[in-house]
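Residue strings, one per chain:
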Amino acid sequence: MAESTQLQQAQLATILGPDPAPFETLISHLMASANEQRSQAELLFNLCKQTDPDSLSLKLAHLLQFSPAQEARAMSAILLRKQLTRDDSYLWPRLSPTTQSSLKSILLSCIQREEVKSISKKLCDTISELASGILPDNGWPELLPFMFQCVSSDSPKLQEAAFLIFAQLSQYIGDSLVPFIKELHTVFLHCLSSSTNSDVKIAALNAVINFIQCLTSSGDRDRFQDLLPAMMRTLMESLNNGNEATAQEALELFIELAGTEPRFLRRQIVEVVGSMLQVAEAESLEEGTRHLAIEFVITLAEARERAPGMMRKLPQFISRLFAILMKMVLDIEDDPSWHTAETEDEDAGESGNYSVGQECLDRLAISLGGNTIVPVASEQLPAYLAAPEWQKHHAALIALAQIAEGCSKVMIKNLEQVVAMVLNSFQDPHPRVRWAAINAIGQLSTDLGPDLQVQYHQRVLPALAAAMDDFQNPRVQAHAASAVLNFSENCTPDILTPYLDGIVSKLLVLLQNGKQMVQEGALTALASVADSSQEHFQKYYDAVMPYLKAILVNATDKSNRMLRAKSMECISLVGMAVGKEKFRDDAKQVMEVLMSLQGSQMEADDPTTSYMLQAWARLCKCLGQDFLPYMSVVMPPLLQSAQLKPDVTITSADDNSDIDESDDESMETITLGDKRIGIKTSVLEEKATACNMLCCYADELKEGFFPWIDQVAPTLVPLLKFYFHEEVRKAAVSAMPELLLSAKLAIEKGLAQGRNETYIKQLSDYIVPALVEALHKEPDTEICANILDAINECIQISGPLLDESQVRSIVEEIKQVITASSSRKRERAERTQAEDFDDEERELIKEENEQEEEVFDQVGEILGTLIKTFKASFLPFFDELSTYLTPMWGKDKTPEERRIAICIFDDVAEQCREAALKYYDTFLPFLLEACNDESPDVRQAAVYGLGVCAEFGGSVIKPLIRVALSRLNVVIQHPNALQPDNIMAYDNAVSALGKICQYHRDSIDAPQVIPAWLNCLPIKGDVIEAKVVHDQLCSMVERSDSDLLGPNNQNLSKIVQVFAEVLCAGKELATEQTASRMINLLRQLQQTLPPQTLASTWSSLQPQQQLALQSILSS
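From a predicted model like this one, the values you see are computed outputs, not experimental measurements.

Some details on the overall build of the protein
Secondary structure summary: the protein contains 54 helices and 3 strands in total. Its C-alpha atoms give the protein principal-axis dimensions of roughly 125 × 75 × 70 Å. Of the charged side chains in the protein, 95 are positive and 154 negative, and the gap between their average positions amounts to 4 Å.

Following this line, the structure appears as structure tokens:
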């Protein structure tokens, strides 16, 4: 060991010694392609760094200055930058002051001497990297004066270098540049207006745009408004000089500005957007340039949070942009391979223009909405549909399909025109137009459903059925089948059933077609039709299933993989639709086939795996506990899929070398800070499917899933924080309560292989804190609501097992959630103050706020569960939360927030009884006021709370009984009290009135109030309260309550009437116990009442009630 160290010491001494050659060799080995040589060099380089960072840095700097070899200079610049990056290998603090100052001056002198542009750029990177670490603490006072000197020199090379550094410093440490805002403004303006060198101008543009983005005050940004015309000129000049590569760089910078600081462009928006549209319209320019100009305008339209409504104020531009996009969608050729339909390739003949146009129509409609886009489309599309060329018909139909998602609300109002436009084209002579019409119907079924299905099924379904007969054009047939899928997904069985005979028989014909594409289309359509028609599909089962099984067994070729996969999907959905009894015998055979497939070796890109995972889970849902014997086959590969590691490649965001590969469909890239992360989407989708399936099994098999919990919990818990894919997180979240419930049921039913309650405690201790931590980090509002819901279910299952610190962490997180939600709402309120805010934006904000309500709902649910679980011992936490909850009672809050705040207090009063009396002073005034709130949901919660307080409030509520009565009276006497919206509030008010009669009779005028209460009975809307109230009535009759019966028993016939109505309603309005007590009371009355009283009481009932009562009493 000692010898090898001595050897290394000797090598280091040579490398760092006076002779430059060994060091140069080391650097050249670092660039070697041979791995062995390179890793040996890396080892030595790292040793130099550890033992003598000063010499190493100076050696690199020396190479940078004097080496004649370009690669060596470039490599030195890169290596120096790495050593000066503030990460684990940051060298700067380890260097002596002398080395530090030498390095700073060498870097600046190299910038002046270096002639090779690519090396010069690397030097700028190195300088920016070092400066970003030391400039803020005044560690490089010479740098900024040097840069200003470069900018005002007459050397284009130095000017460009200085601007490149300014641009990077703006990104890294913009704050340090803001004090020089005046000087920078002058420099930028001068260069953009008067420089003749296009590289310098682009570098300046880059610096300006980065600098504007680092300014936080709008006043500072406005100082740069006067640069905008010069910035635009830079772009236009490079186009006029035919220098499109430069222009494209400029456009990319503008796109960045449009995304981050759209309001900077607002004052000159007409000029800026006008120029960009000119670029987009110029047919002499390259496609790439025109696409970037379009991307700029679309980015502005999409910049909703920062500049809401701005683009909608420019209708003439939107119309021009729409026209440009329509022309792009015309760029399509009639490719013969489209007609032969041998391959999936749907876009045969489509150009780059076509796909950009198509994507941008979709984005434009989503960002601007229907009120803006539909008028433009109605103006431009008719001319396309009336033209002779097939391409124009095709373009119009493609456009309709693309804008449907963003314009759905407005298009639903004009459904007749839209549907007519599309259905007319079903007869077009050109098959590609017919394909586009079918495509549009499919898209509209998704975006405009279920309205489209309800109003137009009698026109759409026959048209699709007819298109399935187009045997000349298999692609049209296949697409018609896919459109049936889209149509039926948004459809109820009653709409679909009358058409099933025709559709199923046609799909069976297509199943036997020679073209695989047509067979696949037919399979997915059959699956969807079965799924939508459920048990109505039983009559077709015997005809369909043999064909499906035949495909499953015979499609074994590699070329048929997708066909076989889709047959699995279809069989499992048909099985679920028709149910276990009908499917059982075939299910066995199908499982045998799946089991043998499962055992075979499959290629990585085989779609079978994912389809098989889903098919197994559906078979489980269909067969229930009968599926248990197959679990040992299903689970191992499923766990393997759920544990897949994401296939991630990380590059630096400014590294353009691998951009070309990122067009790969299966890769998705996201940029985080200065890293670009590419992820293989197929892996993520398989992982998400697997996680969803695990959740399905746990849900379906309940205690039967117990044996797998020990493997599944450690697989899914870490995925609560799997930020690459939302579906994976959602599935992991939903599975958590299912796992706990499975364990609890297995232990209760004695199926837990000797485990006892301590196992539930361990599992709960693992799951609940993980959910709480995931909630803390979750970026997506919808998933936050899901996590809250899951925590709530877990507390319901294992609540009493939680310890105080776990409850505390949940409470702390709830505070966070409320705070975060309030600040999101505040931001939205600020958006409503923007100059161009309009109705469309108001709609969108309303939708975002509804998501927020979902979060508040879940907060209310969790607190309710915690209060029910821990009763009075939860109150110290409730006290901490009250500063967060009290504002929710405010008049400025939404009805939903007020309702939740009231429900939380109701829970406290009901569950904590005497311990909650101390809160009455604070909350009762709110509660009384809320009894007459505009919102019926708020009223219901408030009057329910009054009932609770009447029951448990004793002397504390006595003084308020009169006020309470008058509040309840307003609810009960309201002219619309019994309408569907108000009935729940009414029923709860009646119940609360009953509690006042029961617990505070001495504070009311009983002979008047109690008969008034009786007159409100029976209550039928809130079946929970109905059971309570009718039981109370029963008890009062049993003890012959004189206030209830009234003088001379005059209220008896009303009482009998109420009993009759309650008994005739079956089990809805009274418990079995209450009902049998009522029957006994009626029998007693029959025997004790004078005959004429009895007769008049009976005659007050309706005839069918008389009959029903007679049969109940005689049985």
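What to know about the packing of aromatic side chains
For the structure shown, the criterion picks out 21 aromatic pairs. These aromatic residues form a ring-pair network of at least three members: Phe878, Trp889, Phe905, Tyr919, Tyr920, Phe923 and Phe926. Taking the ring centre of Phe722 as reference, the NZ or CZ of Lys687 above it sits at 5.1 Å.

Looking at the pattern of salt bridges
Per the counting criterion, the structure on display carries 62 salt bridges. Note that Lys893 and Asp892 form a salt bridge whose closest N and O atoms lie 3.4 Å from each other. Notably, a salt bridge pairs Lys958 with Asp1002, separated by 3.7 Å at the nearest N-O pair. In this pair, Lys958 is assigned in the loop between α45 (954-957) and α46 (961-973) and Asp1002 in the loop between α47 (983-999) and α48 (1006-1015), connecting sequence segments 44 residues apart. Several salt bridges converge on common partners, so that one network encompasses Arg824, Arg828, Arg831, Glu848 and Glu852.

Some words on the side chain of Thr299
On the secondary structure map, Thr299 appears in helix α16 (residues 287-302). In terms of polar contacts, Thr299 uses its side chain to reach the backbone carbonyl oxygen of Glu295, at 2.6 Å.

Some thoughts on the nonpolar core
In terms of nonpolar packing, the biggest core is built from 402 residues, with Phe163, Met231, Phe627, Tyr697, Phe705 and Phe874 touching the most fellow members. Looking at which element gives the most residues to this core, the answer is helix α21 (residues 390-413), with 13 residues. Once residues within four sequence positions are removed from consideration, Phe627 is found in contact with Met591, Trp616, Leu619, Cys620, Val634 and Tyr697.

Remarks on the environment of Cys360
Inspection of the secondary structure assignment puts Cys360 in helix α19 (residues 352-368). Of the residues examined, Cys360 reaches a relative accessible area of 2% and is grouped as buried. Setting aside residues no more than four positions away along its own chain, Cys360 makes contact with Ile294, Ile298 and Leu325.

Regarding helix α5 (residues 70-83)
With 14 residues, α5 extends 20 Å from end C-alpha to end C-alpha; this agrees with the ideal 20 Å at 1.5 Å per step. Along α5, the positions that sit buried rather than exposed are Ala72, Arg73, Ala74, Met75, Ser76, Ala77, Leu79, Leu80 and Gln83. The inward-facing, buried residues of α5 abut α2 (21-30), α3 (35-51), α4 (53-66), α6 (97-113) and α7 (117-134).

Quick word on empty space enclosed by the protein
Evaluation of the coordinates by the stated rule reveals 3 cavities of 30 Å³ or more. By volume, the largest cavity amounts to about 70 Å³. As for the largest cavity, its lining consists of Val1056, Leu1082, Leu1085, Gln1086, Leu1089, Leu1094, Thr1097, Trp1098 and Leu1113. The class makeup of the residues in the lining of the largest cavity is 7 nonpolar, 2 polar and no charged.

Here we look at helix α30 (residues 561-578)
The α-helix winds at 3.6 residues per turn, so residues separated by three or four positions along the chain end up facing the same way. Over its 18 residues, α30 extends 26 Å from the first C-alpha to the last, a length consistent with the 26 Å expected when each residue adds 1.5 Å. In terms of burial, α30 is a largely internal element, 16 of the 18 residues being buried.

So, the confidence of the model for the protein
Mean pLDDT over the protein: 90, with 97% of residues reaching 70 or higher. Scored below 50 in pLDDT, residues 656-663 shows 4 contacts in the model against residues more than four places distant or in partner chains.

Quick word on the environment of Val374
Residue placement: Val374 occurs in helix α20 (residues 370-386). Owing to a relative accessible area of 13%, Val374 belongs among the buried residues under this scheme. For the pair formed by Val374 and Ile403, sequence separation is 29 residues and the distance between their alpha carbons is 8.5 Å. Among residues more than four places away in sequence, those in contact with Val374 are Cys407, Val410, Met411 and Asn414.

Details of unusual backbone geometry
Cis rather than trans, the peptide bond between Gly449 and Pro450 has omega equal to -5°. On the secondary structure map, Pro450 appears in the loop between α23 (431-447) and α24 (451-467). For the peptide bond that leads from Leu1017 to Pro1018, omega is -5°, which places it in the cis range. Checked against the element boundaries, Pro1018 lands in the loop between α48 and α49 (1023-1038). Located in the positive-phi region is Lys871, a residue other than glycine, with phi close to 45°. Looking at the element boundaries, Lys871 is found in the loop between α40 (839-870) and α41 (875-885). Of note in this structure, Asn1048 is not a glycine but carries a positive phi near 55°.

What to know about the packing of α47 against α49
Helix-helix packing is described using two parameters, namely the angle between the two axes and the distance between the axes. Between α47 and α49, the least distance of the axes is 10 Å, while the angle of their chain directions is 35°. Read as a crossing pair, α47 and α49 show a hand that is left-handed. Facing α47, whose interface residues are Asn988, Ser991, Gly994, Lys995 and Gln998, α49 presents Glu1025, Val1029 and Gln1032. Of the residues contributing to the contact of α47 with α49, the split by class is 1 nonpolar, 5 polar and 2 charged.

Topic: the packing of helix α11 (residues 198-214) against helix α13 (residues 228-240)
Two numbers describe how α11 lies on α13: the axes approach to 11 Å, and their chain directions differ by 145°. The handedness of the crossing between α11 and α13 is left-handed. Here Lys201, Leu205, Val208, Ile209 and Ile212 of α11 come into contact with α13, specifically with Met231, Thr234 and Glu237. Within the contact of α11 with α13, the residues separate by chemical class into 5 nonpolar, 1 polar and 2 charged.

Here's the deal with the environment of Glu840
Mapped onto the elements of the fold, Glu840 is located in helix α40. It is 8.8 Å that separates the C-alpha atoms of Glu840 and Gly370, two residues lying 470 residues apart in sequence. In contact with Glu840, not counting residues within four places along its chain, are Arg312, Leu368, Gly369, Gly370, Asn371 and Thr372.

Describing the state of the cysteines
If you walk through the whole model with that rule in mind, you get 0 disulfides. Free of any disulfide, Cys997 has its nearest cysteine sulfur in Cys1016, 9.7 Å distant. Judged by relative accessible area, which is 1%, Cys997 ranks as buried.

Thresholds applied
- Residues numbered from 1 in each chain as written.
- Predicted model: local features only at pLDDT ≥ 70, side-chain atom pairs only at ≥ 80, totals over all residues.
- Heavy atoms only, no water.
- Helix = DSSP H or I, 4+ residues; strand = E, 2+ residues; numbered from the N terminus.
- Lys, Arg positive; Asp, Glu negative; His and termini not counted.
- Charge placed at Lys NZ, Arg CZ, Asp CG, Glu CD.
- Phe/Tyr/Trp six-rings, centres within 6.5 Å; stacked < 30°, edge-to-face > 60°.
- Lys NZ or Arg CZ within 6 Å of the ring centre and 35° of its normal.
- Salt bridge = Lys/Arg side-chain N within 4 Å of Asp/Glu carboxyl O.
- Polar contact = N/O pair within 3.5 Å; in protein donor to acceptor, adjacent residues only side chain to side chain.
- Core = buried A, V, L, I, M, F, W, Y, C linked by side-chain atoms within 4.5 Å.
- Buried < 20%, exposed > 50% of the residue type's maximum accessible area, 1.4 Å probe, protein only.
- Contact = heavy atoms within 4.5 Å.
- Expected span 1.5 Å × (residues − 1).
- 1 Å grid on protein atoms, 1.4 Å probe; cavity = no way out; pocket = protein on both sides within 12 Å on 5 of 7 lines; lining within 4 Å.
- Points joined across faces, edges and corners; volume = space filled by probe spheres on them.
- Nonpolar A, V, L, I, M, F, W, Y, C, P; charged D, E, K, R; others polar.
- pLDDT = per-residue confidence, 0-100.
- Axes fitted to C-alpha atoms, helices over the stretch in contact; angles between N-to-C directions.
- Left-handed = near helix turned anticlockwise from the far one by under 90°.
- Disulfide = S-S within 2.5 Å.

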